[in-house]
Amino acid sequence: LIACSVYLLWNSYRPAALLQQGIRLEQRNDLTKAINSYKQLLEHYAASEEAPDALYRCGRILQHDLGEDQSALLYYLKLEKNYPQSVLVSSAQREAAELTKYRLNDCGQAIPIYQRLIEQFGFDGDRYQYEIADCYARLKNWPQAAIEFETLLSSFPESEFSAITGYRLADSRLLSGHR
């Protein structure tokens, strides 16, 4: 019974220890070892409460420090898929959307991520709606861009994006042949 209790205590302590070890390594800028610590946590303790944090931290290091954008994106999307109740999901989705749109230049893949942000969280909806409309404009899908800019104006009339959205709506209508 004592051995069982010690084993359970050790298993509940180990994920936290691996996470803290990774954080310390990050602070010392030993990023490869930090990622290895997080990966060890994920491999052996995927069901722990520390696992979403480890995924998010791996994504951030890969994106912001190592410039490995594709790998970072996989960590963010894995967090969203495997831990949908985590408080880190909205942050991971934000990082994934911006990474996909601005670093990987893939607006087609960024649109559904921005849409999920609006549907699931609601906050900053005007900003994400603008990003969606801008993605369609970058894809030169002018009719859909116009629809998305109209949606922004009707759904968020007090948005800080209203002025630029009005201009871009007119531009999109002109380019799509509607006046």
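Residues numbered from 1 in each chain as written. Predicted model: local features only at pLDDT ≥ 70, side-chain atom pairs only at ≥ 80, totals over all residues. Heavy atoms only, no water.

Asker: How should unusual backbone geometry be read in this particular structure?
Answerer: When glycine is set aside, most residues are seen to have a negative phi, and most peptide bonds are trans. Its identity is not glycine, yet Asp124 carries a phi of approximately 60 degrees, on the positive side. Since its relative accessible area comes to 38%, Asp124 is described here as partly exposed. Of note in this structure, Lys140 is not a glycine but carries a positive phi near 60 degrees. Residue position: Lys140 is located in the loop between helix H7 (125-138) and helix H8 (142-155). (Buried < 20%, exposed > 50% of the residue type's maximum accessible area, 1.4 Å probe, protein only. Helix = DSSP H or I, 4+ residues; strand = E, 2+ residues; numbered from the N terminus.)

Asker: Which parts of the structure should I look at to understand the nonpolar core?
Answerer: Considering soluble globular proteins, one finds that nonpolar side chains tend to be buried as a cluster. Grouped together as the largest cluster of nonpolar side chains are 50 residues, with contacts concentrated most on Tyr38, Tyr76, Leu79 and Tyr114. Where this core is concerned, the elements lending two or more residues are helix H1 (2-27), helix H2 (31-44), helix H3 (51-65), helix H4 (69-82), helix H5 (89-103), helix H6 (107-121), H7 and H8. When neighbours within four sequence positions are excluded, Tyr76 is seen to be in contact with Tyr56, Gly59, Arg60, Gln63, His64, Ala92, Glu95, Ala96 and Leu99. (Core = buried A, V, L, I, M, F, W, Y, C linked by side-chain atoms within 4.5 Å. Contact = heavy atoms within 4.5 Å.)

Asker: Would you mind showing me how to read the environment of Val87 here?
Answerer: For Val87, the position within the fold is in the loop between H4 and H5. In this structure the C-alpha to C-alpha distance between Val87 and Glu50, which are 37 residues apart in sequence, comes to 12 Å.

Asker: Whenever I open this one, the pattern of salt bridges confuses me. Can you help?
Answerer: Close approach of charged atoms allows side chains with opposite charge to pair. Tallied over the full model, the rule gives 12 salt bridges. For the salt bridge of Arg57 with Asp53, the shortest nitrogen-to-oxygen distance reads 3.2 Å. With a gap of 4 residues between them, Arg57 and Asp53 both fall in helix H3, about one helical turn apart. Taking the relative accessible area as the measure of exposure, Asp53 reaches 21% and is therefore partly exposed. Of the charged contacts, one joins Asp134 and Arg168 as a salt bridge, the two residues approaching to 2.8 Å between their closest N and O atoms. In this pair, Asp134 sits in helix H7 while Arg168 sits in helix H9 (residues 162-176), placing the two residues 34 residues apart along the sequence. Accessibility expressed as a relative area gives 7% for Asp134, which makes it buried. The exposure class assigned to Arg168 is buried, which follows from its relative accessible area of 18%. (Salt bridge = Lys/Arg side-chain N within 4 Å of Asp/Glu carboxyl O.)

Asker: What's the story with the packing of H7 against H9 in this structure? I'm lost.
Answerer: Axis separation between H7 and H9 bottoms out at 12 Å; the angle between their running directions is 25 degrees. Viewed along their axes, H7 and H9 adopt a mutual orientation that is roughly parallel. The interaxial crossing formed by H7 with H9 has left-handed handedness. Two secondary-structure elements touch here, H7 through Tyr130, Asp134 and Ala137 and H9 through Ile164, Thr165 and Arg168. When the residues that make up the contact of H7 with H9 are grouped by side-chain class, the tally is 3 nonpolar, 1 polar and 2 charged. (Axes fitted to C-alpha atoms, helices over the stretch in contact; angles between N-to-C directions. Parallel < 35°, antiparallel > 145°, perpendicular 65-115°, else oblique. Left-handed = near helix turned anticlockwise from the far one by under 90°. Nonpolar A, V, L, I, M, F, W, Y, C, P; charged D, E, K, R; others polar.)

Asker: Just checking my understanding: could you explain the side chain of Thr100 for this structure?
Answerer: If you trace the backbone, Thr100 turns up in helix H5. In contact with Thr100, other than residues within four places in its own chain, are Leu73, Asn105, Asp106, Gln109, Ala110 and Ile113.

Asker: Quick question: what am I supposed to make of the packing of H8 against H9 here?
Answerer: Two measures define how a pair of helices packs: the angle their axes make with one another and the distance between the axes. Their axes nearest at 8 Å, the elements H8 and H9 cross at an angle of 155 degrees. Comparing the axis directions of H8 and H9 gives the class roughly antiparallel. Handedness of the crossing formed by H8 with H9: left-handed. Here Trp142, Pro143, Ala145, Ala146, Phe149, Glu150, Leu152 and Leu153 of H8 come into contact with H9, specifically with Ser162, Thr165, Gly166, Arg168, Leu169, Ser172, Arg173, Leu175 and Ser176. The class makeup of the residues in the contact of H8 with H9 is 9 nonpolar, 5 polar and 3 charged.

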